[in-house]
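This is what each chain is made of:
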Amino acid sequence: MTLTDASASSSAPVQRKLSTAKAMVEAIAQEMERDEDVFVLGEDVGAYGGIFSSTTGLLERFGPRRVLDTPISETAFIGAAIGAAVEGMRPIVELMFVDFFGVCMDQIYNHMAKIHFESGGNVTVPMVLTAAVGGGYSDGAQHSQCLWGTFAHLPGMKVVAPSNPADAKGLMTAAIRDDNPVVYLFHKGVMGLPWMAKNRRSVGPVPDGDHVVPIGKANIVRPGSDVTVVTLSLSVHHALDVAEELARQGVDCEVVDLRSVVPLDTDTILESVARTGRLLVVDEDYLSFGLSGEVIARVAERDPGLLRAPAARVAVPDVPIPYARPLEYAVLPTPDRIRRAILGLVNA
Amino acid sequence: MTLTDASASSSAPVQRKLSTAKAMVEAIAQEMERDEDVFVLGEDVGAYGGIFSSTTGLLERFGPRRVLDTPISETAFIGAAIGAAVEGMRPIVELMFVDFFGVCMDQIYNHMAKIHFESGGNVTVPMVLTAAVGGGYSDGAQHSQCLWGTFAHLPGMKVVAPSNPADAKGLMTAAIRDDNPVVYLFHKGVMGLPWMAKNRRSVGPVPDGDHVVPIGKANIVRPGSDVTVVTLSLSVHHALDVAEELARQGVDCEVVDLRSVVPLDTDTILESVARTGRLLVVDEDYLSFGLSGEVIARVAERDPGLLRAPAARVAVPDVPIPYARPLEYAVLPTPDRIRRAILGLVNA
Amino acid sequence: MEPEDRLGLYRMMVLIRTYEETILREYHADKKPVFDIGAGLIPGEMHLSAGQEPVAAGVCAHLSADDAVTATHRPHHFAIAHGVDLEKMTAEIFGRVDGLGRGRGGHMHLFDPATHFSCSGIIAEGYPPAVGQALAFQRRGTDRVAVAVTGEGAANQGAFHEALNLAALWKLPVVFVVEDNDWGISVPRSASTCVTSNALRAAGYGIPGHRVEDNSVEAVHAVAGEAVARARAGEGPSLVEVHTLRLSGHFEGDAQGYRSDLEGVPGRDPLPTYEKELLAAGVLDDAAVSSIAAQARDRVEAAVAFAKRSPEPDPATALDFVFAQA
Amino acid sequence: MEPEDRLGLYRMMVLIRTYEETILREYHADKKPVFDIGAGLIPGEMHLSAGQEPVAAGVCAHLSADDAVTATHRPHHFAIAHGVDLEKMTAEIFGRVDGLGRGRGGHMHLFDPATHFSCSGIIAEGYPPAVGQALAFQRRGTDRVAVAVTGEGAANQGAFHEALNLAALWKLPVVFVVEDNDWGISVPRSASTCVTSNALRAAGYGIPGHRVEDNSVEAVHAVAGEAVARARAGEGPSLVEVHTLRLSGHFEGDAQGYRSDLEGVPGRDPLPTYEKELLAAGVLDDAAVSSIAAQARDRVEAAVAFAKRSPEPDPATALDFVFAQA
Ligand SMILES: Cc1ncc(C[n+]2csc(CCOP(=O)(O)OP(=O)(O)O)c2C)c(N)n1
Ligand SMILES: Cc1ncc(C[n+]2csc(CCOP(=O)(O)OP(=O)(O)O)c2C)c(N)n1
Ligand SMILES: [Mg+2]
Ligand SMILES: [Mg+2]
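Residues numbered from 1 in each chain as written. Chains lettered and ligands numbered in written order. Predicted model: local features only at pLDDT ≥ 70, side-chain atom pairs only at ≥ 80, totals over all residues. Heavy atoms only, no water.

A short note on the overall build of chain C
- A count of helical and extended segments in chain C gives ten helices and eight strands.
- In terms of C-alpha radius of gyration, chain C reaches 19 Å, essentially the compact-globule figure of 20 Å for 326 residues.
- Taking the principal axes of the C-alpha coordinates as reference, chain C spans close to 60 × 50 × 40 Å.
- Here chain C, with 326 residues, has 65% of them falling under the buried criterion. (Helix = DSSP H or I, 4+ residues; strand = E, 2+ residues; numbered from the N terminus. Rg over C-alpha atoms; globule rule 2.2 N^0.38 Å. Buried < 20%, exposed > 50% of the residue type's maximum accessible area, 1.4 Å probe, protein only.)

Structural data, given as structure tokens:
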């Protein structure tokens, strides 16, 4: 088993490259092999293989007893996953788009997330709730959101969001093995889908065999000394692209890939900001009352003196995601907005 | 019409005292008189008068055509309110406890809150969604939450939470007249219910006639120079109680009653912190990824130098609300926790 | 029915009634002179099930501790009938460390892994997890069943519909129980649906639907027996609705000003009715009535004493059990 | 039916089909050689309704612009049949400032106050707002109706159940339409419910339920006529299910590898079927067929031209319309 913090630092030489989707499926398949109690359910997870390829090939390999297409009844089938988990199974249940949480949130936050606590620790709910997140392809206000802040605000569930294939595998393995409910949010833009504009890092090296990325550990994907950019999921790649570009202009950015939203790796954030003195949070979720504010608050409640310049955020500015491309790209955390924010920080 | 910022500063001498519940009902009744399109629907809003007395007497006064008891079908009846609002009516729809949002959130955040935007401003959704919030009486993990952060994170709806009878009336009037959806969250502990431990300020002076408190304006309910306490709803009273007590020890607290969460009155917060140099946020919602982080971030992204001491928060520490009284009071933002936090700030 | 089985049902109903009356007493004991919902040894909302004993007794007679039950905000009768430990349950209601949830849950959140019992305060949302328990039971090749309970008000909630459809589709061993006590808080059934029986709705999922009209424990027992047998045989779910009776207010403190049927209520109490029936049939005599009552009282008082002896949770532990540790 | 009415239905079906084929062409025109869902003049998901024309044409023939329609993620046929401005609708699909939503909404979010038309991308969640529109219509003493549309997959969603129950209870003027095209993305009806007809479910709410088995526009027209008349007369809601046909993939880009029935699909196309029927009946002749086709083409191409002429929204306006200004 490879247990790594930085996904690229595995000791064995990693050559094989996979898309994020394939890496995610590989983790599920390996855990299904390992543990008869792991099974998958959700809309179009069978023959279709998940509309974002999050379950491709599993039906063929494990059959319809362990890969279950469901009716469009999220409350019923997520609730069913909860009941199965309470009885000791380890379901992986897919909510097709995170945007649909509103039809089934009671099962998620009042049941999945609270049963362990309400039972005084006597009942565990070992399950993984997967959902696709993110915009950038004109899918409109009901199919483009990230919403990790919404889940993270409500106690009792862990929340992870991988940015690359190796982490996708490692976090999925960790999530399945965790005795707690884990919400696993995969951005469509990092899955490496053949029918969507691909980030070049959506295909990358993935360790063979067991690979676990611990939940709750951020990853410094680019060390730097001038500005700390805290981000996650697809935005990691935009941040890295901008960091590379700005390096040529003499601005040295540190990019922190949170990977987990809950638990949030406050220590890594604080250590980084202590070194750079400047903080930018890049978040594809809505700006206010969410992740970006929380990251800044964690710094300001430890020591506002760490901040040599006012903290900055690039997020979706409290507006539903517009359909038309020029509008959508005006509100997404694009490389251009990130660049301007970083330059604003270093010139402050 | 009395249009006031500080609810107590109305020009006419205010003598008449009402409970918060009665003040809220008075606003609804006055608007129902004024506008035939205003109507009320929800569970037990008729003969029962709202289980927290938020609609008492309305059925008797306006009859069953304008005060509608509903089946336990929140998705259907909140959706019905949306449809009626789209057709130009002005429904006030009650979600009995905010904790139940999970069974109907899609209607709320994907429809109520987004239709105006998705329609490019061509459709308006003038409605008020009321819900009871808050704990402190051992109602357990599914009946004690505040969750304003959850609503505030999602764009397209205003969110208000009155702390006293005059504001309850004024914000309700403003909410009904607003052409946008307004989420109106009333804390059970400020309603002045005869069967629940009452805060002494849950009965107070309420202006007669038209009374509007503008949405988006915070209220400095106690001016002070040493520490800014930003808070809302029931916690305002705890903050005031502690401020009075600490004044005797020479600590002069400014207490800001936000009243509105969306829009958030950032200016008032910044001005106050600029004067005091110390910020405590007291929030009965969950600590992380919510209101308390947002308030701190708004300061740190303007100027972290305003903070002479690290910002502090007293909120529910990311744990479901426990049933047993000693546990519940260990996680609620009690006067004791507030006092310790303020002393921590001034001694930092 | 065999006399012994009839006696069993009666005994269970008496135990439940005794429990509810005792909780009623304890709940109000220290909330005087002015009722304060948050005060006293048992704080918070309290939903009692007196009058609805026939449903729990009749259904649970067919279950063992291996079968699952998900109950509602009004859970005591089902918890007791399903064999949840009375002492731990009571300690939970008193918010004590020896409670089922170490005081974290309270009366609407009783979780007992030993009997696969749980409940939820959110209307109809106990149905889907029961479907999942049944899925696990089926998957593991057992003949265990899951019983899911709601009120008639809850049958108009989306979760009800989705759960029935899913269980029917996957032929899962579930018995869906609807307790029709005529009221959802203050809203009469007639103001929540125009359908007179949820048995009609069962047809919309392709499953059998039954309605027991008279709150008779033996009728419930018979119908539930069929439904449980069907589930155990792998033939899928059924729906069982029982027209029952809410003897008291929705929760304690509810003055029931809205309740038109209040006057006739005592006369419809199922417990004296069944007692008379068994006395007439010679299954019971006065001595048995007294001794059964005394046994119930002893068990319940012992549970209350246990609860009161158990310590209150330490505030320093308030953050425990949010996450399971690896 | 009168020839003129039959011609009207045919004309509408042709218009819809022409529209969908044109959108199909425009959608794919600039997504070559490698399909990229986010690229091109029409980006994003695209759910076309070709094959389902009989439902929209048959239902909307009974409506005026005062009546409301809430449609689904697959909304074009209903929008067109209900008389939504073709140019503004097309401009919205192209994301332009003259679109119904000034480019904010897109193809799943068409809102037209002039015809009380709306749609939603969330399964079954268009039903409850339709109930509310009907409530407003009833409250104002009008005989206007609201039509709510979903697919057969959506009928297993909680919102479906709640909306039917509420509308039935309040006797609201709603016609609930279910388009059963056999598939919910890749999931066949048989894997989403074991009920063969949602007409059965209507009984569970005490309302009439109809199922049209053959995707015939005239059969839909007849059944919908009854349902609309009933609603206008104040007798409450009905459910109308139509067994229809999804001619293409769930959305563009869907290779339909899962689809067992694919081969037989073209033969079930309702448009040539109806055309043949009207030709045989002498209602249509070849000249009429051509001219109707040409008229449809002209209207649709004009709408596309309008859309393409309309400017793209200015990024500086991206934050407009979150809140209505006082
Ligand atoms: C989703 C949701 N909506 C509303 C409530 C508030 N509530 C609690 S019990 C109740 C009435 C339930 O009626 P019924 O299902 O008939 O059960 P009964 O109380 O009669 O046993 C209501 C409305 C809730 N707990 N959950
Ligand atoms: C609540 C919700 N769940 C899932 C989806 C994803 N989804 C979009 S369309 C669709 C299939 C819908 O099937 P059906 O209702 O039969 O309509 P059809 O596409 O066949 O017209 C699904 C699952 C969604 N939009 N909303
Ligand atoms: Mg009831
Ligand atoms: Mg379909």
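Following the structure, the description resumes.
Some thoughts on the coordination of the magnesium ion (ligand 3)
Residues and elements named next belong to chain C.
- The coordination sphere of the magnesium ion (ligand 3), as far as protein atoms go, consists of E152 (OE), N181 (OD1) and W183 (O), spread over 2.1 to 2.2 Å.
- For the magnesium ion (ligand 3), the single-chain donor residues occur in sequence as E-x28-N-x1-W. Taken together, the residues E152 in the loop between β3 (146-151) and α6 (158-169) and N181 in the loop between β4 (174-180) and β5 (183-184) connect sequence positions 29 residues apart. In terms of burial, E152 and N181 fall into one category: buried. (Donors = N, O, S within 2.8 Å, 3.2 Å for Na, K, Ca; no water.)

A short note on the site of ligand 2
- E74 of chain A together with H73, G121, N181 and W183 of chain D are the nearest of the 20 residues found near ligand 2.
- Looking at what sits near ligand 2, you find residues from chains A and D.
- Taking G121 of chain D, its main chain carries an N or O atom lying 2.7 Å from a nitrogen atom of ligand 2.
- Residue A154 of chain D places a main-chain N or O atom 3.0 Å away from an oxygen atom belonging to ligand 2.
- A per-class count over the shell around ligand 2 returns nine nonpolar, seven polar and four charged. (Near = heavy atom within 4 Å. Polar contact = N/O pair within 3.5 Å; in protein donor to acceptor, adjacent residues only side chain to side chain. Nonpolar A, V, L, I, M, F, W, Y, C, P; charged D, E, K, R; others polar.)

Quick notes on the relation of the copies chain A and chain B
- Superposing chain A onto chain B requires a rotation of 180° together with a translation of 0.0 Å along the rotation axis, leaving an RMSD of 0.0 Å. Expressed as a symmetry operation, the mapping of one chain copy onto the other fits a two-fold axis.
- Most of the interface of chain A is mirrored in chain B: 100% of its interface residues are interface residues there too. (Least-squares fit on C-alpha atoms with pLDDT ≥ 70 in both. Contact = heavy atoms within 4.5 Å.)

A few points about the UniProt feature "domain: Transketolase-like pyrimidine-binding" (unreviewed entry) in chain A
- Per the UniProt record, the feature "domain: Transketolase-like pyrimidine-binding" (unreviewed entry) sits at residues 18-193 of chain A.
- Between the end C-alpha atoms of residues 18-193 of chain A the distance is 11 Å, and the span holds 36% helix and 19% strand. (UniProt positions renumbered as here; feature names shortened; annotations may be inferred.)

Points about the sheet that holds strand β5 (residues 90-97) of chain A
All names here are of chain A.
- Taken in spatial order, the seven strands line up as β4-β3-β5-β6-β8-β7-β14 in an open sheet, and their pairing is mixed. Each having just a single partner strand, β4 (67-69) and β14 (260-262) make up the two edges of the open sheet. Pairs of neighbouring strands in the sheet enclose a mean axial angle of 20°, with direction left out of account. (Pairing = 2+ DSSP bridges. Axes fitted to C-alpha atoms, helices over the stretch in contact; angles between N-to-C directions.)

Overview of the interface of chain A and chain B
- Taken together, the contact between chain A and chain B spans 54 residues of the former and 54 residues of the latter.
- In this assembly, chain A packs against chain B so that about 4300 Å² is buried in total across both faces, 62% of it on carbon and sulfur atoms.
- Summed over the three residues of chain A that lose the most area to chain B, namely F117, H153 and F289 of chain A, the buried surface amounts to 21% of that side.
- Linking E294 of chain B and R313 of chain A is a salt bridge whose minimum nitrogen-to-oxygen distance equals 2.8 Å.
- The tally of links from chain A across to chain B stands at 34 residue pairs in polar contact (both at pLDDT 80 or more).
- Counting only elements with at least two residues in the side of chain A that touches chain B, the list comes to α4 (105-112), α5 (115-118), α6 (148-152), β14, β15 (279-286) and α10 (291-302) of chain A. (Buried area = accessible area lost by both parts, 1.4 Å probe. Salt bridge = Lys/Arg side-chain N within 4 Å of Asp/Glu carboxyl O.)

Structural notes on the environment of D286 of chain D
All names here are of chain D.
- You can see D286 is positioned in helix α10 (residues 286-309).
- Residue D286 is classed as exposed on the basis of its relative accessible area of 57%.
- Separated by 16 residues in the primary sequence, D286 and P270 place their C-alpha atoms 18 Å from one another.

Thoughts on the state of the cysteines
- Enumeration over the complete set of coordinates arrives at zero disulfides over all chains.
- With no disulfide of its own, C146 of chain A lies closest to C104 of chain A among cysteine sulfurs, the gap being 17 Å.
- Free of any disulfide, C60 of chain D has its nearest neighbouring cysteine sulfur in C119 of chain D, separated by 13 Å. (Disulfide = S-S within 2.5 Å.)

What to know about the confidence of the model for chain C
All names here are of chain C.
- The share of residues in chain C with pLDDT of 70 or more is 100%, and the mean pLDDT across the chain is 97.
- By mean pLDDT, the top-scoring element of chain C is helix α3 (residues 76-81) (99), and the lowest-scoring one is helix α7 (residues 199-203) (95).
- Among the prediction metrics, the complex's ipTM stands at 0.98, with pTM recorded as 0.98. (pLDDT = per-residue confidence, 0-100.)

What about the side chain of D69 of chain B?
- For D69 of chain B, the location among the structural elements is in strand β4 (residues 67-69).
- There is no salt bridge for the buried D69 of chain B, and the closest opposite charge comes from R246 of chain C, which lies 12 Å off by N-O distance.
- A distance of 3.2 Å separates a polar atom in the side chain of D69 of chain B from the backbone nitrogen of D44 of chain B.
- Within polar-contact distance, the side chain of D69 of chain B engages the backbone nitrogen of G46 of chain B at 2.9 Å.
- Those residues within four positions of D69 of chain B in sequence are excluded, and the remaining contacts are G42, E43, D44, V45, G46 and A47 of chain B, V187 of chain C together with W170 of chain D. (Lys, Arg positive; Asp, Glu negative; His and termini not counted.)

Some thoughts on the site of ligand 1
- The full set close to ligand 1 counts 20 residues, and E74 of chain B together with H73, G121, N181 and W183 of chain C are the nearest of them.
- More than one chain reaches ligand 1: its neighbouring residues belong to chains B and C.
- Here an oxygen atom of ligand 1 sits 2.7 Å away from a polar atom, N or O, in the side chain of H73 of chain C.
- Here a nitrogen atom of ligand 1 sits 2.7 Å away from a polar atom, N or O, in the main chain of G121 of chain C.
- Relative to its free-state accessible area of 580 Å², ligand 1 is covered by the protein chains to the extent of 98%.
- Grouping the amino acids of the shell around ligand 1 by side-chain chemistry returns nine nonpolar, seven polar and four charged. (Areas by Shrake-Rupley, 256 points an atom, 1.4 Å probe, with all protein chains shown as cover.)

What to know about the interface of chain C and chain A
- Contacts between the two partners involve 36 residues from chain C, matched on the other side by 42 residues from chain A.
- Summed over the three residues of chain C that lose the most area to chain A, namely F111, R139 and F323 of chain C, the buried surface amounts to 21% of that side.
- Between the two partners, chain C and chain A, sit two salt bridges.
- The residue R140 of chain C makes a salt bridge to D37 of chain A at a minimum N-O spacing of 2.8 Å.
- Where chain C touches chain A, the interface holds 16 residue pairs in polar contact (both at pLDDT 80 or more).
- Counting only elements with at least two residues in the side of chain C that touches chain A, the list comes to α5 (127-139) and α6 of chain C.
- For the side of chain C that touches chain A, the element with the most residues is α5 of chain C, which contributes nine residues.
- Within the side of chain C that touches chain A, the residues separate by chemical class into 20 nonpolar, eight polar and eight charged.

A closer look at the pattern of salt bridges
- By the definition in use, this model includes 88 salt bridges over all chains.
- Overlapping salt bridges, with partners in common, bring together D180, R189, R211, E213 and E241 of chain C in one network.

As for helix α7 (residues 165-177) of chain B
All names here are of chain B.
- Helix length check: α7, at 13 residues, gives a terminal C-alpha distance of 19 Å against a target of 18 Å (1.5 Å per residue), a fit within 8%.
- Burial runs high along α7: twelve of the 13 residues are buried.
- Looking at where α7 begins, the residue whose side-chain oxygen comes 3.1 Å from the main-chain nitrogen of A166 is N164. (Expected span 1.5 Å × (residues − 1).)

Describing the packing of aromatic side chains
- Scanning the entire structure with this criterion turns up 20 aromatic pairs over all chains.
- Measuring from centroid to centroid gives 5.9 Å for Y48 of chain B and Y258 of chain C, while their planes differ by 25°, and the two rings are stacked. One end of the pair, Y48 of chain B, is in the loop between β3 (38-42) and α2 (58-62); the other, Y258 of chain C, is in the loop between β8 (238-243) and α9 (270-280), on a second chain.
- Three or more aromatic residues link up through ring pairs in this structure, and these residues are F52, F97, F100 and W195 of chain A.
- Positioned above the aromatic ring of Y27 of chain C is the side chain of K31 of chain C, whose terminal nitrogen or guanidinium carbon lies 3.6 Å from the ring centre.
- Over the ring of F39 of chain B we find R139 of chain D, and its NZ or CZ is 5.7 Å from the ring centre. (Phe/Tyr/Trp six-rings, centres within 6.5 Å; stacked < 30°, edge-to-face > 60°. Lys NZ or Arg CZ within 6 Å of the ring centre and 35° of its normal.)

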